Amino acid sequence: MFNLIGYKKFRTATKLASYMPISLGYYQNFAKAISYNLLPPRYKSPKLTFCPLSVTIYLNTMCNYRCSFCFLITENHIGTKKKNIDMEKFLKIVDHPRNKFATRFTLGGGEPFLNKEIFNFITELRKRKKLISVYTNGSLISRQFEKFRDNPTDYLNISHYDDKFPSIIDGLQKLQNMRNKPIIRLSKIISTENIDDMDKMVRLAKKYKIDSVIFQNYFTTEDKEKQKIIYDDNEIFFEEKKRVSKDHKDIEILWPNVMRRQAAFNCQNISLNATYDADGDLSPCCFIVPPEEKFGNLFTDGDPWNSEAMTSFRKAYKKEKKEHSSCKYCYFRHGLDGRYR
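First, a word on what this report is: a plain description of the structure on this page. (Residues numbered from 1 in each chain as written. Predicted model: local features only at pLDDT ≥ 70, side-chain atom pairs only at ≥ 80, totals over all residues. Heavy atoms only, no water.)

## Regarding unusual backbone geometry
Moving on, step 1. At the junction of V289 and P290, the peptide bond is cis and its omega measures out at 0° in the coordinates.
Moving on, step 2. In this structure, P290 sits in the loop between β9 (281–283) and β10 (292–297).
Moving on, step 3. Notably, K129 is not glycine yet its phi reads approximately 55°, a positive angle.
Moving on, step 4. Here K129 is to be found in the loop between α4 (118–127) and β3 (131–136).
Moving on, step 5. A positive phi angle is found at K209, which is not glycine, with a value near 55°.
Moving on, step 6. Here K209 is to be found in the loop between α7 (197–207) and β6 (212–217). (Helix = DSSP H or I, 4+ residues; strand = E, 2+ residues; numbered from the N terminus.)

## Some points on the pairing of strand β4 (residues 155–159)
The side chains of a regular strand alternate, first on one face of the sheet and then on the other.
Moving on, step 1. The buried fraction of β4 amounts to four of the five residues, a majority that puts the element mostly inside the structure.
Moving on, step 2. With four bridges connecting them, β3 and β4 associate as parallel partners. Considered in β4, the bridge of S133 is made with Y155.
Moving on, step 3. Each parallel crossover has a hand, and for β3 linked through helix α5 (residues 145–150) to β4 it is right-handed.
Moving on, step 4. Summarising the sheet, β4 and strand β5 (residues 183–190) pair through five bridges and their orientation is parallel. Each residue of the ladder has a partner; that of Y155, found in β5, is I183. (Buried < 20%, exposed > 50% of the residue type's maximum accessible area, 1.4 Å probe, protein only. Pairing = 2+ DSSP bridges. Right-handed = clockwise from strand over helix to strand, strands pointing away.)

## Regarding the side chain of N37
Moving on, step 1. In this structure, N37 sits in helix α2 (residues 24–38).
Moving on, step 2. Engagement of the side chain of N37 in a polar contact is seen with the side chain of S271, the distance being 3.0 Å.
Moving on, step 3. Apart from residues no more than four positions distant in its own chain, N37 is found in contact with K44, Q268, S271 and L272. (Polar contact = N/O pair within 3.5 Å; in protein donor to acceptor, adjacent residues only side chain to side chain. Contact = heavy atoms within 4.5 Å.)

## Remarks on the packing of α7 against helix α8 (residues 235–247)
Moving on, step 1. One way to put it is that α7 packs onto α8 with a least axis distance of 10 Å and a crossing angle of 25°. With respect to α8, the axis of α7 lies roughly parallel. In this structure, the crossing between α7 and α8 has a hand that is right-handed. Where α7 approaches α8, its residues M198, D199, V202 and K206 are matched on the opposing element by F237, E240, K241, R243, V244 and D247. (Axes fitted to C-alpha atoms, helices over the stretch in contact; angles between N-to-C directions. Parallel < 35°, antiparallel > 145°, perpendicular 65-115°, else oblique. Left-handed = near helix turned anticlockwise from the far one by under 90°.)

## Looking at the pattern of salt bridges
Moving on, step 1. Within the structure shown, the criterion is met by 26 salt bridges.
Moving on, step 2. One salt bridge in this structure joins K174 and D170, with 3.5 Å as the shortest N-O distance. Here D170 and K174 lie together in helix α6 (residues 169–175), a separation of four residues that amounts to about one turn.
Moving on, step 3. Judged by relative accessible area, D170 falls into the partly exposed class, the value being 36%.
Moving on, step 4. In this structure, a network of salt bridges that share partners links the residues K83, K89, D277, D279 and D281. (Salt bridge = Lys/Arg side-chain N within 4 Å of Asp/Glu carboxyl O.)

Any link to function would need more than the numbers given here.
Structural data, given as C-alpha cells:
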C-alpha cells in the first residue's frame, strides 16, 4: 500500500510541477508545501508560510439540476445571480499575489457552464499556462461544443447521475473527436447503499471512451446518515473493489477514500488548495460551502489563508485538538491514504 500511495502522490506532484515556470519562487513555494504535507500531523503549524498550489473558483451558485445531496445549493442557500463572477473579479483572483504560485485552477459552481464568460476565463488561464480543471454535470457540453472545442481544458470532471446520464451522451461523443481532447473523468458518489453500482459505472465509462472513473465516498454532516459512509472495515466494499479491479484493468479507477475509525486529523485540502467565490470570500475546502466572509476575503484581508477561521481548522492537526464539526464525517479528514488500500 505504501508504494502505491507514494506513487499516486508523486504523480500528482509531478503533474503540478510540470506547469511551473522556471522560477526560483515557484520552486521554493512548491518545496515548502510538499515538505509541510509530509510532516506528521502533530508537527504541522496552523499558520502557513507558503502560497496555495491550487485554486478553486466558484463561477456561480446557479445550477440547472436540483440534486437532493447537493451541499452548495440548499433550502438555506438557494443560489443567486449576484455570485456570477465577471472577468474583472476573475482576474483579480487569478493574479492576486496570494495565488501567484498556483499552477492548477479548478472552475466549479453551481453549474460552471451557465456562466457565459467561462470560455473567456479558460482563455485567460491558458495565456498564463495554468493546468485547468472543470467540474460539471455535463448537460451543456453538446450545446456549447464548438466553444469548448476552441477553448479546451486539461481535465473535464463530469458528475454522474443515473437518471440524467442519457442527456449527456451526445456531448461525450462529440468530445471524442476533439484534436485536443481533455482528460475526461466520470465521477459518482458511492455509499454503503450502492456498492454494486461500481461495476456498472466502469462499464458505462468504457463504453463511452471515458479516461477514468472517480468514486467518491458519501459525505454528510449529520449523525443520522453516517451509516451510508464506507469505512475501512467494510469487507463488502473491498471484496467488490477487488472484483471490479480484476475485471477492468484497462481503465484508471480512483477508489473512494474510505473513512478510518481511528486516525489523526490530517486533511491536506486546508493547506494546499484555496477556494473562492465571486466576491473573493474564502472557503476552507470544497465541502464547507458556500465561501463566506467569516473565513476570510481575498480582496480585503491582508492574508486570508491564515485568517483566524482558517488557522482554527488547522489546529486540529495537533493531537489535543478536535476537528471542526464540518470535518467529522469528511473522507478527506485523514488525507488520501484510505483511497489506496
